[in-house]
Amino acid sequence: MRSLFRRTWRRAVQAYHLACARDDAAKRKIVIPSGVWVCDHCEQALLELTALREHIRTEHAYI
């Protein structure tokens, strides 16, 4: 039961992040293919959310 809840919660969080990224891209008039994440600070494109989080943590930790 706990794993089902965690899996559902993780999917909801991922869907929220994706929706926020798409809204942000639309506001900036940027077209980003589905499944691609772009760093707000340096606009580097990454294919996975975990890679984006790692990139922000290591490259932009001072912000």
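Residues numbered from 1 in each chain as written. Predicted model: local features only at pLDDT ≥ 70, side-chain atom pairs only at ≥ 80, totals over all residues. Heavy atoms only, no water.

Undergrad: Please clarify how the side chain of His 60 should be interpreted in this entry.
TA: Structurally, His 60 can be placed in the segment after helix H2 (49-59). Within the structure, the side chain of His 60 is placed 3.2 Å from the side chain of His 55, a separation counted as a polar contact. Contact partners of His 60, with chain neighbours within four places excluded, come to Cys 39, His 41, Cys 42 and His 55. (Helix = DSSP H or I, 4+ residues; strand = E, 2+ residues; numbered from the N terminus. Polar contact = N/O pair within 3.5 Å; in protein donor to acceptor, adjacent residues only side chain to side chain. Contact = heavy atoms within 4.5 Å.)

Undergrad: What should I look at first to understand unusual backbone geometry in this one?
TA: Peptide bonds are trans in most cases, and residues, glycine excluded, mostly fall at negative phi. The backbone of Glu 43 sits at a positive phi, close to 60°, despite the residue not being glycine. For Glu 43, the location among the structural elements is in the loop between strand S1 (37-38) and strand S2 (45-46).

Undergrad: Looking at this structure, how should I read the environment of His 41?
TA: Along the chain, His 41 falls in the loop between S1 and S2. Under the relative-accessibility criterion, His 41 is labelled partly exposed at 44%. Distance from His 41 to Arg 53, taken between C-alpha atoms, is 12 Å for residues 12 residues apart in sequence. (Buried < 20%, exposed > 50% of the residue type's maximum accessible area, 1.4 Å probe, protein only.)

Undergrad: Which parts of the structure should I look at to understand a positive patch on the surface?
TA: The grouping of Arg 2, Arg 6, Arg 7, Arg 10 and Arg 11 at the surface amounts to a positive patch. Following the sequence through the fold, Arg 6 ends up in helix H1 (residues 2-27). With a relative accessible area of 54%, Arg 6 lands in the exposed category. (Patch = residues over 30% accessible without salt bridge, like charges linked within 9 Å, V, L, I, M, F, W, Y side chains within 5 Å. Areas by Shrake-Rupley, 256 points an atom, 1.4 Å probe, with all protein chains shown as cover. Salt bridge = Lys/Arg side-chain N within 4 Å of Asp/Glu carboxyl O. Lys, Arg positive; Asp, Glu negative; His and termini not counted. Charge placed at Lys NZ, Arg CZ, Asp CG, Glu CD.)

Undergrad: Any chance you could explain the nonpolar core here in plain terms?
TA: The tendency in soluble globular proteins is for nonpolar side chains to be buried as a group. Formed by Trp 37, Cys 39, Leu 46, Leu 49 and Leu 52, the largest nonpolar core amounts to 5 residues. Discounting chain neighbours no more than four positions away, the residues touching Leu 52 are Trp 37, Val 38, Cys 39 and Leu 46. (Core = buried A, V, L, I, M, F, W, Y, C linked by side-chain atoms within 4.5 Å.)

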